[in-house]
Amino acid sequence: MADAKQCAHPNCSCTVGDKGKYCSAYCEGAKGTATIACECGHPGCKGNLK
Ligand SMILES: [Zn+2]
Ligand SMILES: [Zn+2]
Ligand SMILES: [Zn+2]
């Protein structure tokens, strides 16, 4: 939990390292979109309403 930053996607609860602001290309691509749920596919993401 030290340097874990949250993904910049508003509905994504993933954490990212020092790679960038987004956990995945999905989140990066959804930047300008009004997405309701996150579909990055990572387990534990609360945007994945499965
Ligand atoms: Zn996500
Ligand atoms: Zn994300
Ligand atoms: Zn993710």
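Predicted model only: the values in this text are computed from it and were never measured. (Residues numbered from 1 in each chain as written. Chains lettered and ligands numbered in written order. Predicted model: local features only at pLDDT ≥ 70, side-chain atom pairs only at ≥ 80, totals over all residues. Heavy atoms only, no water.)

(A) Representation of the overall build of the protein chain within the structure. Helix and strand content of the protein chain: one helix and two strands. Element order for the protein chain, N to C, with α for helix and β for strand: β-β-α. Residue burial in the protein chain is summarised as follows: out of 50 residues, 28% are buried. Sequence separation of at least 24 residues holds for 24% of the intrachain contacts in the protein chain that already meet a minimum separation of 6. Carbon and sulfur atoms make up 53% of the accessible area of the protein chain, which totals about 3,800 Å². (Helix = DSSP H or I, 4+ residues; strand = E, 2+ residues; numbered from the N terminus. Buried < 20%, exposed > 50% of the residue type's maximum accessible area, 1.4 Å probe, protein only. Contact = heavy atoms within 4.5 Å. Areas by Shrake-Rupley, 256 points an atom, 1.4 Å probe, with all protein chains shown as cover.)

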